[in-house]
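# Results of the structural survey
Listed here are the chains, written in short residue letters.
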Amino acid sequence: MVTVLTLAWQTIRSRLGGFAGAFIAVLCGTALVAACGILMESGLRAGVPTQRYAAAAVVVGGSQSVRPSGADALSSEQVGEQPSVPAALAGRIAAVPGVRAAVAEQSFPAQVVTRDGQVLGGRESLGHNWDAAVLAPFTLRGGEAPAAADEVVLDADLARRADVGIGGQVRIMTRSVPETFKVSGVVDGTSRQSALFFTPDRAAELAGRPGQVHAVGVLADPGVTPEALADRVRAVAGGAEVTTGVERSSIEFLDVSQTRVLLLAIAGSFGGFALLVAVFVVASTLALTINQRRREFALLRAVAATPKQIRKLIGTETTLVALAAGVLGSGLGLAVASGLRDAFAAIGVIPADFGLAISPLPLLAALLLGLGAARLAAWAASRRPSSIRPVEALGEAAVERRELGRGRLLTGWGLVLAGFGGALVPLFLHGDIAAAISTMATLVVVIGLAVVGPQVTGLVVRFLVPVLARLWRISGYLAGANAHANARRVAAAVTPLMLAVAFALATFYGPTATTAAAQQETARSTTADYVLTAPGGVSPELAEAAGRVPGVAAATPVVRTSVVTATPVGDSVEVQRTPAQGLAGDRAGAALELGVDAGRLTDLTGDTVALSRSEADWLDKKVGDEVSFYFGDGVPAKLRLVATYTHDLAFGDFVLPVALAREHVGGRLDDSVLVRREPGADAGAVASGLSALPYPGVVVAPASVLTAPEGGERQAQFYLNLVAAGVIVGYLAISVANTLVLTTAQRGREFALLRLVGTTRRQVTRMMRLEALGTVGIAVVLGSLVALVPLAVLNFALRGSPVPAGPLSVYFGIIGGAVVLGMVAIGVATSVALRARPIDAIGVRE
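Below, the structure is looked at part by part. (Residues numbered from 1 in each chain as written. Predicted model: local features only at pLDDT ≥ 70, side-chain atom pairs only at ≥ 80, totals over all residues. Heavy atoms only, no water.)

## Description of the nonpolar core
In terms of nonpolar packing, the biggest core is built from 30 residues, with Val446, Leu449, Leu497, Met498, Leu505 and Val786 touching the most fellow members. Elements supplying a minimum of two residues to this core: helix H14 (432-451), helix H17 (487-525), helix H26 (761-799) and helix H27 (808-833). No other element matches H17, which puts 11 residues into this core. Once residues within four sequence positions are removed from consideration, Val446 is found in contact with Met498, Leu499, Ala502 and Val786. In this structure, Phe253, Leu263, Ala337 and Phe354 belong to the second largest nonpolar core, which totals 27 residues. (Core = buried A, V, L, I, M, F, W, Y, C linked by side-chain atoms within 4.5 Å. Buried < 20%, exposed > 50% of the residue type's maximum accessible area, 1.4 Å probe, protein only. Helix = DSSP H or I, 4+ residues; strand = E, 2+ residues; numbered from the N terminus. Contact = heavy atoms within 4.5 Å.)

Structural data, given as structure tokens:
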């Protein structure tokens, strides 16, 4: 073992350039995996510091996830709306030993209206009951607590921005038209949200949730630890969620708990892709490095080295390189994770103040995974040089082996067929799952082509050789002959570039297909003329008020929410959250066309529901059947099915009565109001009448601006995919440059020989430019075709057109980047290799 270790170390020291490629591949791959591990750990135990509940030892709120009966521990789904708890729970908790006080807190939208009639912008603004101020604690800077129904206390920052002082008058809008309140006091305390405090009775009235509160904050007796108190509170809390420490922020801010689930999902999917790409890149780089040492291994076999000794030498070399790269890469993962967190916050996917949880576990796991990937790649790459017979060793080293094994051919072409078969799935399934399968099919095809790369590139090069020779006699002939004789080397250079092109195209144009299809159907299905919206939502009274405006034929309120479904699949339960809408069934037909194919939308009142045709078929439900699911806030529902419809991309899979949907969204507000004019009504007069309604902040816009129910989520997911894909494509770019430099740098003796037999430096340079052009061209064409087939099928299934949706400039940008990367990498490596004098370079050992 000592001898092998010594020999491996000496080999690495003498071949630093050759091992640099493997080192960089493992370094970057480990950094990516470590970053994903940090994000996953952050999803489990990170958050933001609690603010409104800073003084509470324990905070009790509604359950943040739905886990149906019979589902396993992993089959749960995050709620989409803020859950509540019974107000009576505070009394039960107050009787628990060690509890000094249990304070129920109301929380509801409350916006200050400025003197010029505009809603005060800036941070989210919420109203609370004054007795809950003790939980922060918010302390009075001046004035007194609210004592009457028309009094309010503002936080200092909000009072400053509203330009109002103690004793002044301020107009506040909650769920109705603005009302005037007297500012009785101002409190200290900073928060990511602006705070307004009302009397307990008035706060309960404005919240509009009789018998329900946002949360219960628990103050502990002296000497009682939060953890001990939490255990006692759980005994009386029923199904409510009991939290301490940083977990309290998940009750305070809904986006915190949603961010945790999102980070887990990102780390799972992105981490899986990153690990797959890392293994692929490391294996490709190591195979190339080992292939360059064929003559060395051939000599070892000729002097009686056994296959086991060759494999052990390669494994030891790889371990040493991977260990050094893995340690540095794990540390680099901290910076990558921080950069990803900042990028996700910049696009609005996670809160800007959401921190990362840092521990040694993700770094150690990334190091071990990096070592494992490198050893696996080394084992695969060492099979050929260790298995050849000693008599054939030197001859095998002199000429590149052309044919591929039968097993490799069957595996590669089997993956290609499986990938193209998976690309047909969108013809039978729709929605986000179709886009995900389409992207995965692209990757499977690329991996299959990588396995049979030498055969594919050999076929392509066979057609290129006469073309190059005809256009450029000497340089073209040499470039074509080199590519034809060294198909494996060309394939090693083509594969990572092809993967980068195909992955970038599939990641960008896959989501745009789903978004374009949803937007296209939304535009066709909307018959309204105007849409009324406001930041944070509009009053439930707005639709009735808009309906009374002269020239308005109908005004339909819309509530966008989500529901959670639980579907038995074999022995397990599939739990997922899906978009839903609340509509007024008797008025929806005047503004929207859902494509109803069974039942009547006018029956959508009370405890009823309408389902998309695909969802009804999946659940095996017909009109009149009972449908079970969970509202967005986690409350179970059993509603009667009254209609099915076909425009599910525009309206989601669930449509609820607007009043029922409104009861299960946190602010009890509508998202928008759709307005249709009477025939012949003056458009300008109607728009002016709608703008004059006494609800500040309402924006009147053409109905054409409407998006699909999950349009905002799709947009966020699109940017999220771009960030994640950008990181992986960046890693692939490093791999591409790495591979191209390695394949070019090993040819120093070849360049020297060409120059010694009369080929000029200019001809060699032109030869390499032509080879680079051919390599990049093959990668771009194959990468484009591999991505185009699944994208064409996906777009045809969703939009009726095989042309991918999205700007063409992105395609040219991806192709242009690939071309520049390939040409520059080969050009720089060629220039370096040609610096040495031919007589000196010809004597350099391989």
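## What about the packing of helix H8 (residues 254-291) against helix H11 (residues 360-387)?
Close contact between H8 and H11 brings their axes to 9 Å; oriented N to C, the two are set at 40°. As far as their axial angle goes, H11 and H8 are oblique. Seen along the crossing, H8 lies across H11 with a hand that is right-handed. Here H8 contributes Leu275, Val279, Val282, Ala283, Leu286, Ala287 and Ile290 to the contact with H11, which in turn contributes Leu369, Ala373, Ala374, Ala377, Ala378, Ala381, Ser382 and Pro385. Considering only residue class, the contact of H8 with H11 consists of 14 nonpolar, 1 polar and no charged. (Axes fitted to C-alpha atoms, helices over the stretch in contact; angles between N-to-C directions. Parallel < 35°, antiparallel > 145°, perpendicular 65-115°, else oblique. Left-handed = near helix turned anticlockwise from the far one by under 90°. Nonpolar A, V, L, I, M, F, W, Y, C, P; charged D, E, K, R; others polar.)

## A word on the packing of aromatic side chains
For any two aromatic rings, the description comes down to two numbers: the centre-to-centre distance and the angle of the planes. Enumeration over the complete set of coordinates arrives at 8 aromatic pairs. Consider the rings of Trp130 and Phe197, whose centres lie 5.6 Å apart with planes at 90°: the pair is edge-to-face. Of the two residues, Trp130 sits in the loop between strand S8 (125-129) and strand S9 (140-143) while Phe197 sits in strand S13 (residues 194-198), which places them 67 residues apart along the sequence. When the centroid spacing of 5.3 Å and the interplanar angle of 70° are considered together, the rings of Phe181 and Phe198 count as edge-to-face. Taken together, the positions of Phe181 in strand S12 (residues 179-187) and Phe198 in strand S13 put the pair 17 residues apart, joining distant regions of the chain. We note that Phe181, like Phe198, is buried. Every member of this aromatic cluster is reached through a ring pair, and the members are Phe108, Phe181 and Phe198. Across the ring face of Phe253, the terminal group of Arg192 is positioned such that the distance to the ring centre comes to 4.2 Å. (Phe/Tyr/Trp six-rings, centres within 6.5 Å; stacked < 30°, edge-to-face > 60°. Lys NZ or Arg CZ within 6 Å of the ring centre and 35° of its normal.)

## Re the pairing of strand S17 (residues 530-533)
Sheet topology note: the S17/strand S25 (residues 672-677) ladder contains 3 bridges and is antiparallel. Across the sheet, the residue bridging to Tyr530 is Val675, located in S25. With 4 bridges connecting them, S17 and strand S26 (residues 699-702) associate as antiparallel partners. The residue bridging Leu532 from the neighbouring strand is Val700, located in S26. (Pairing = 2+ DSSP bridges.)

## Structural notes on H26
Helix length check: H26, at 39 residues, gives a terminal C-alpha distance of 54 Å against a target of 57 Å (1.5 Å per residue), a fit within 8%. In the structure, H26 departs most strongly from a straight axis at Leu788, where the bend amounts to approximately 25° and where the proline Pro790 lies between one and four residues downstream. Trailing H26 by a residue or two, Gly800 shows a phi angle of about 80°, which is positive. (Expected span 1.5 Å × (residues − 1). Bend = angle between axes of the 7 residues up to and from the residue.)

## A word on the environment of Ala517
Its place among the elements puts Ala517 in helix H17. On the basis of relative accessibility, which here comes to 3%, the residue Ala517 falls in the buried class. Measuring from C-alpha to C-alpha, the distance between Ala517 and Arg799 comes to 5.3 Å, with 282 residues separating the pair along the chain. If near-sequence neighbours (up to four positions away) are discounted, Ala517 is found in contact with Leu649, Leu798 and Arg799.

## Concerning the sheet that holds strand S5 (residues 99-105)
Strand order in the open sheet made by the 4 strands is S5-S15-S1-S16, with antiparallel pairing throughout. At either end of the open sheet lies a strand with only one pairing partner, and these are S5 and strand S16 (241-243). Averaged over all adjacent pairs, the angle separating strand axes in this sheet is 20°, with direction ignored. Here S5 pairs with strand S15 (residues 215-220) via 6 bridges, running antiparallel. Each residue of the ladder has a partner; that of Val103, found in S15, is Gly217.

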